[in-house]
Amino acid sequence: MERSLKKMKNNNINSTSNNMMKGNELFHVIHKVPCGDTPYVKAKHAQLIEKNPEMAIVWFWKAINTGDRVDSALKDMAVVMKQLDRSEEAIEAIKSFRPRCSKNSQDSLDNVLIDLYKKCGRMEEQVELLKRKLRQIYQGEAFNGKPTKTARSHGKKFQVTVQQEISRLLGNLGWAYMQQAKYLSAEAVYRKAQIVEPDANKSCNLAMCLIKQGRFEEGRAVLDDVLESRVSGSDDCKTRQRAVELLSELETSLPRGRDAEMEHVLGNMLDDDFVLGFEERTATSFKSKRLPIFEQISPFMNQLVC
């Protein structure tokens, strides 16, 4: 009898222990916090469970300095710093410590840098990084000759195609040009992005470029494509609302001619390195020039389409 009671007690202890282990594992899965007691784990616990970003940054620094999951620690710390309006500090941290990170992590660090440059208004650096990443795709460095690659966002993995990545980068590049008031360069980039992978949000940005240049009828035609659902993503409520607002802005704007003075101003808005790539459409259209990096990307894209 005594032996039987002892066995039951041990079974209860083991069952309780197993339940605690399962509960602990479930906790880490639900809250997306890694298991362990390392600096990186403590940083993620401070970030996600305690909601203490300042303490999380302290632990992320310790993780980086002790070599504990440096790739993830540096990227995650930069994201937390951005949330605390410490983007300049985050940029310097990535530049200083990315040599310690693996080759596979460099692409995700670049993406974090793009967001940080945008946040800080450092458009020249953002433009240069975006152009470099586009060249890497052309040279086969970004996808290793494959049509897709694995990306990660908010802890989830997914596949990204070459077309999707080029379109994303071009969209960011077009927006950066717009912030520099280089509307012709932005237009060229958005038109190329729409060829690669059309979407309504980029259509709205293209329409804005045209409105800024006083090309109202062309802008109206682009917005009509969105409002009449002829472009992917046109059913998004925010995008449609933006298209309506742009159309209203267009209709209340006074028409102005593209005289010689205006042509001169717009010409000065071009990116010297990225010369426009348009075919001459009409006798009144601006003259055709070629965009070097798109000359490089286009044959690669044509191969993919075939």
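Cut-offs and rules
Residues numbered from 1 in each chain as written. Predicted model: local features only at pLDDT ≥ 70, side-chain atom pairs only at ≥ 80, totals over all residues. Heavy atoms only, no water. Phe/Tyr/Trp six-rings, centres within 6.5 Å; stacked < 30°, edge-to-face > 60°. Helix = DSSP H or I, 4+ residues; strand = E, 2+ residues; numbered from the N terminus. Buried < 20%, exposed > 50% of the residue type's maximum accessible area, 1.4 Å probe, protein only. Lys NZ or Arg CZ within 6 Å of the ring centre and 35° of its normal. Expected span 1.5 Å × (residues − 1). Contact = heavy atoms within 4.5 Å. pLDDT = per-residue confidence, 0-100. UniProt positions renumbered as here; feature names shortened; annotations may be inferred. Axes fitted to C-alpha atoms, helices over the stretch in contact; angles between N-to-C directions. Parallel < 35°, antiparallel > 145°, perpendicular 65-115°, else oblique. Left-handed = near helix turned anticlockwise from the far one by under 90°. Core = buried A, V, L, I, M, F, W, Y, C linked by side-chain atoms within 4.5 Å.

Applying the stated criterion across every chain yields a total of two aromatic pairs. With a centroid separation of 6.0 Å and an interplanar angle of 50 degrees, the aromatic rings of Y40 and F60 are classed as tilted. In this pair, Y40 is assigned in helix α2 (residues 39-48) and F60 in helix α3 (residues 53-66), connecting sequence segments 20 residues apart. Given the relative accessible area of 5%, Y40 is considered buried. Centre to centre, the rings of W61 and F97 are 5.4 Å apart; their planes meet at 65 degrees, and the pair counts as edge-to-face. Separated by 36 residues along the polypeptide, W61 in helix α3 and F97 in helix α5 (residues 87-97) bring together distant segments of the chain. Over the face of the ring belonging to W59 we find K62, whose NZ or CZ atom lies 4.3 Å from the ring centre.

Its 14 residues place the ends of helix α4 (residues 70-83) 20 Å apart at the C-alpha level, agreeing with the 20 Å of an ideal helix rising 1.5 Å per residue. Listing the buried residues of α4 in full gives V70, A73, L74, D76, M77, A78, V80 and M81. Tucked into the core, α4 has its buried residues touching α2, α3, α5 and α6 (106-120). One or two steps after α4, the chain reaches D85, where phi turns positive at roughly 60 degrees.

Confidence along the chain averages 79 in pLDDT terms, with 71% of residues attaining 70 or more. In the predicted structure, residues 15-31 sits below a pLDDT of 50 and forms six contacts with residues beyond four places in sequence or in another chain.

In this section: the UniProt feature "repeat: TPR" (unreviewed entry) in the chain. Within this structure's numbering, the places UniProt gives as "repeat: TPR" (unreviewed entry) are residues 167-200. Span residues 167-200 is 82% helix and 0% strand, its end C-alpha atoms 12 Å apart.

Before going further, it helps to spend a moment on the packing of α5 against α6. Contact pair α5 / α6: the axes reach a minimum separation of 9 Å and the direction vectors enclose 150 degrees. Classified by the interaxial angle, the pair formed by α5 and α6 is roughly antiparallel. Judged by the twist between their axes, the crossing of α5 over α6 is left-handed. Of α6, the residues touching α5 (which contributes S87, E88, A90, I91, I94 and K95) are L109, V112, L113, L116, Y117, K119 and C120.

Attention now moves to unusual backbone geometry. One non-glycine residue with positive phi stands out, namely R69, at about 50 degrees. Along the polypeptide, R69 turns up in the loop between α3 and α4. Exposure remark for R69: the relative accessible area of 46% places this residue in the partly exposed category.

For the rest of this paragraph, the subject is the environment of E88. Within the secondary structure, E88 is located in helix α5. Judged by its relative accessible area of 40%, E88 falls in the partly exposed class. Put simply, E88 and R122 are 34 residues apart on the chain and 9.8 Å apart in space, counted from C-alpha to C-alpha. Residues contacting E88, with those up to four places away along its chain left out, are C120 and R122.

Turning our attention to the nonpolar core. Counting 63 residues, the largest nonpolar core has F60, L74, M77, I94 and L116 as the members making the most contacts within it. Each residue touching I94, except ones within four places of it in the same chain, is listed here: L74, A78, L109, V112, L113 and L116.

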